[in-house]
Amino acid sequence: MNKYRCIFQMGLEYALEYRFDFLFSMISCIFPIIIQFFLWSAIYLQPGASIDNGYTYEQMILYTLTAGFVSKLVIGGFEYEINEDIKNGGLNKYLIRPVHYMRYYFFSFLGKKVPSAVILLSAVAITTGVAGIALKTAISPVHILFFLVSLVLALILNFCLMFCIAMYSFWVTDVSKLFGTISIVLVVLSGGVFPMDLFGNVVRTVSHILPFCYTTQFPTDILTGRLSQNAIVSGIAIQLLWIVLLVFIGSLLWKKGLKRFISAGG
Amino acid sequence: MNVKTYFSKLLHRFTRYFRLLFLFAKFSLMAQAEYRLNFFSGVTVECGYLLVKLSYVAVVTMAGVNIGGLSPDEIVIFIGTYILMTGIYMVVYPSFSSLSQKVREGSLDMLIVKPVSLQFMLSFQNIDFSMLIPNAAAGIILIVTGWYQAGLPVTLVSVSGFILFLLSGVFLTYSLFLLPHLLCFWLVSNRGIAEITAAVWDFNNMPQLIYGKWMQRLGTFILPVFIITNFPGLFLLDRLTPFLLFWGLAAPVLFFILCRLVFSRAVKHYTSAGG
Amino acid sequence: MIQVEHLTRNFEYYTKATGLKGSVKNLFHREKLIKEAVKDVSFCVEKGEIIGLLGPNGAGKTTTLKMLSGILFPSSGSARVDGFIPWERKDEFKRKFSIVMGQKNQLWWDLPACDSFYLNKCIFDISDGEYRRTISELSELLDVKDLLNVQVRRLSLGERMKMEILAALIHRPEILFLDEPTIGLDLISQQKIREFLRSYREEHHTTIILTSHYMKDIEELCPRTVIINHGQVVYDGGLLEMNRVMGDKKRLTIKTSAPIDPSCLAPFGTVCSLNGCQATLEIARNNLTQVSSRLLSLLPVEDFTVTDIPIEESVALFYQNR
């Protein structure tokens, strides 16, 4: 386990090195929140309006304040490195070392997340705290606890998801540009912009089966207090289920891809 | 010099610059064709961002209520204008964003010695059409749909006024969004500023009417980003006072002058890199 | 044609302590330092003359050329190029000259060179006929006729440099600034570019200022050389006369049958090297006959040669001296 702690630390140091880049990207996170705050206020607060989309005004504002930060936190970033490894043969250096490739990236991913997690979680704490006072809605400690648990699972789930997508590099050499598109689409599908539940029954049902919502919308919904205890527990169960499934798919793709990589001569 | 020769000279200058613009566009396209994969991935990434913008359209139409005094159909016109403008802005964006690199590496040197306006060359040397295509298509479809659904009149005045404010928005975009990039002449890294500017652009994803009064004033008079995508729609809906009509056309001129002034200052400040 | 008087250029820069602490300190207080890249440089170039600008790295050659082409403003001093003040950046002036920098390129990387030439044709507003004539003449002379339609990125370094030079000459400038045009090129390419410059100048009588690291470029092309070191002019004149300025010395190499005793050489002149049976001495030209006859009688000399001090070494002496 010691070597993975080392990898974790390396990731952490790397992230600290680039902290200013991260701070700037935080800004691009705050602006959509402002826009959406005004949008929802305009929709909900006009005289005589009764909005029936499953969210109260307070829940929607809490969602808006939290979802952007959560999606920023769980987002990948390592898929580019994996693509580089496979494309330029940098993979070989992992193959000759006694490390497990997927685990290597997992711990490095977690390490890199630490500084952003500290900043983003404090941002979430401040915004929801202030909003809670302003909107007079208290967030129960149980919900906060569940939120944190599901957030950790969401982080792992998104890692597995992106790892599977990154495995695609074995079959198509230059997909790095596609990753940009994929990650934007994933932010939308996971509810990082608006909750998927807003877009009709069909979208809702489908999105509750697919893994994407469980990376952003699900943890955020827990915090808004919208979900019942049962829904939370079953949601966490689905998260775990998807993680197991994706780890399985990921290692399968890894094995198949590696065979291809080696037969192609590295 | 008499008036006639003056005008013929002016005309010659105009055609020359126009020809150069055409050449820059052609060469950029030819250079991009060398990297077709990059071109197509530019299109797909932009489609991803388009999806985000369209999700706002979906939210507004699903809510089905008037927002800031605008019906969902009318809001669709505003969002369509925003998407179209984004596409147009993205045409010159590569030139803007590569400016700091050109300053840092000193490749400006070879441009300064050319007998053509330096600002002109820097603004239009790298033109990219890949991001225009999806945005222009989606934007125009949204504008036309919204216009039709809202039952707005199609008259010479409404259409030409709408287009006039679109054009004034294009000019304002140029001046307003080149300004922050000019800071690279003074700062070592202006990445943060560029990123903030890009984020400010996205405020236009929604009509300005949803924002608070002070924000609207700020975005109309001090940092007039709202003019760019709101005024065509506001004109169409007859929501512009005579003063705002005037300001909507004067602001691009004012900011262009400001942009020219800052640019000439910036170039004086230029210390060529590399020995 | 070109008059440069007391031209000076300072660059400001800041020191920064390393680490986060340094960065924070930097926010509030920065120590400003001034580097004088060019100090009080004066020289004149006649119409049609070609001069070489010589100096070690960072001596201020490129900075001088940049000021003469209007890319940089000077801190003080004045310069006139064909009657124009370069840093006013008048379009009329820009049509008169051209600059080629070995480390910067104006050609479009992904396109054939002829496209960039055509762009320059439009920028400089040249008629179709004149443009065609220029291209055919120069591409012939540079031997790149078959490469005009090849993408620049596929060209070799030497071919690319030829194209850069061609692009710079499309508007037939009266004045040409060449900053290290042969840098990084192999010997044959260097030779080709030198030959081109010589024949082009003979035909068009272009005024040229050339900077180079390679002595050979200057030796072959420039009858007159201005040497700059630490931003200052330290020599202005012919390369061949340089030796005379440096004290007019000759170099004497002897080979003897028995090892030489160092002490017996010392009275004759400066001992440059002594290696067993072989020694090299530097002596004043007017002492040559006297010294050599005495050496021949004193030592068992087997071989005896007299040479001039190589130009490289004289120049290097200039670099060290000030």
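Bear in mind the structure is a predicted one, so any value in this text is a computation, not a measurement.

Section: the interface of chain C and chain B
Interfaces are frequently sized by the accessible area removed from exposure as the parts join.
Then step 1. Across the boundary between the two partners, chain C contributes 35 residues, which contact 31 residues of chain B.
Then step 2. Taking both partners together, chain C and chain B bury about 2900 Å²; carbon and sulfur atoms supply 64% of that area.
Then step 3. Of all residues in chain C, K104(C), W108(C) and I123(C) give up the largest surface area on contact with chain B, accounting jointly for 20% of the area buried on that side.
Then step 4. Counting across the chain C and chain B interface gives four salt bridges.
Then step 5. When the shortest N-O distance is used, the salt bridge between K66(C) and D109(B) registers 3.3 Å.
Then step 6. Of all elements in the fold, only β1 (2–14), α2 (61–68), α3 (91–94), β5 (97–101) and α4 (113–124) of chain C reach the threshold of two or more residues within the side of chain C that touches chain B.
Then step 7. Sort the elements by how many residues they give to the side of chain C that touches chain B and α4(C) lands first, with eight residues.
Then step 8. Of the residues assigned to the side of chain C that touches chain B, the class counts are 14 nonpolar, eight polar and 13 charged.

Thoughts on the packing of aromatic side chains
Then step 1. Applying the stated criterion across every chain yields a total of 57 aromatic pairs over all chains.
Then step 2. An angle of 65° between the planes, with centres 4.9 Å apart, marks the rings of Y94(A) and Y104(A) as edge-to-face. Placement of the pair is Y94(A) in helix α5 (residues 92–95) and Y104(A) in helix α6 (residues 101–135), with a sequence separation of ten residues. Across the pair, exposure class does not vary: Y94(A) and Y104(A) are buried alike.
Then step 3. Taking 6.4 Å as the distance between ring centres and 35° as the angle between the ring planes, the aromatic pair formed by Y82(B) and W201(B) counts as tilted. Here the residue Y82(B) occupies a position in helix α3 (residues 72–97), and W201(B) occupies one in helix α9 (residues 191–201), the gap between them amounting to 119 residues.
Then step 4. Overall, W201(B) belongs to the buried group, its relative accessible area being 2%.
Then step 5. Sitting over the ring of Y55(A), R226(A) keeps its end group 3.9 Å from the ring centre.
Then step 6. Between the NZ or CZ atom of R217(B) and the centre of the ring of W214(B), over which it lies, the distance is 4.8 Å.

Section: unusual backbone geometry
Then step 1. Backbone geometry places D238(B), a non-glycine residue, at a positive phi of 60°.
Then step 2. Positionally, D238(B) belongs in the loop between α11 (225–236) and α12 (242–269).
Then step 3. Of note, D125(C) is a non-glycine position whose phi angle comes to about 60°, a positive value.
Then step 4. Its place among the elements puts D125(C) in the loop between α4 and α5 (128–142).
Then step 5. Among the residues examined, D125(C) registers a relative accessible area of 36% and is labelled partly exposed.

A few points about the environment of N38(B)
Then step 1. Looking at the secondary structure, you find N38(B) in helix α2 (residues 36–63).
Then step 2. With 92 residues separating them in the primary sequence, N38(B) and S130(B) have C-alpha atoms 9.2 Å apart.

A short note on the domain arrangement of chain C
Residue and element names in this part refer to chain C.
Then step 1. Here the domain parsing of chain C yields domain 1 (2–242) and domain 2 (246–321).
Then step 2. If you average the C-alpha positions of domain 1 and of domain 2, the two centres end up 40 Å apart.
Then step 3. Listed as interface residues are twelve residues of domain 1 and, on the opposing side, seven residues of domain 2.
Then step 4. Between domain 1 and domain 2 we count zero salt bridges in total.
Then step 5. At the level of secondary structure, the elements contributing two or more residues to the side of domain 1 that touches domain 2 comprise α8 (215–221), β8 (224–229) and β9 (232–237).
Then step 6. For the side of domain 1 that touches domain 2, the per-class residue count stands at nine nonpolar, two polar and one charged.

Comments concerning the packing of α5(C) against helix α7 (residues 187–204) of chain C
Residue and element names in this part refer to chain C.
Then step 1. In the contact formed by α5 and α7, the axes pass within 10 Å of each other and the chain directions differ by 145°. For the crossing formed where α5 meets α7, the hand is right-handed. Contacts between α5 and α7 involve E137, L138, L141 and L142 on the former and, on the latter, F196, S199, Y200, E203 and H204.
Then step 2. In the contact of α5 with α7, the residues fall into five nonpolar, two polar and two charged.

The rules behind each value
Residues numbered from 1 in each chain as written. Chains lettered and ligands numbered in written order. Predicted model: local features only at pLDDT ≥ 70, side-chain atom pairs only at ≥ 80, totals over all residues. Heavy atoms only, no water. Contact = heavy atoms within 4.5 Å. Buried area = accessible area lost by both parts, 1.4 Å probe. Salt bridge = Lys/Arg side-chain N within 4 Å of Asp/Glu carboxyl O. Helix = DSSP H or I, 4+ residues; strand = E, 2+ residues; numbered from the N terminus. Nonpolar A, V, L, I, M, F, W, Y, C, P; charged D, E, K, R; others polar. Phe/Tyr/Trp six-rings, centres within 6.5 Å; stacked < 30°, edge-to-face > 60°. Buried < 20%, exposed > 50% of the residue type's maximum accessible area, 1.4 Å probe, protein only. Lys NZ or Arg CZ within 6 Å of the ring centre and 35° of its normal. Domains from an automatic or database assignment. Axes fitted to C-alpha atoms, helices over the stretch in contact; angles between N-to-C directions. Left-handed = near helix turned anticlockwise from the far one by under 90°.

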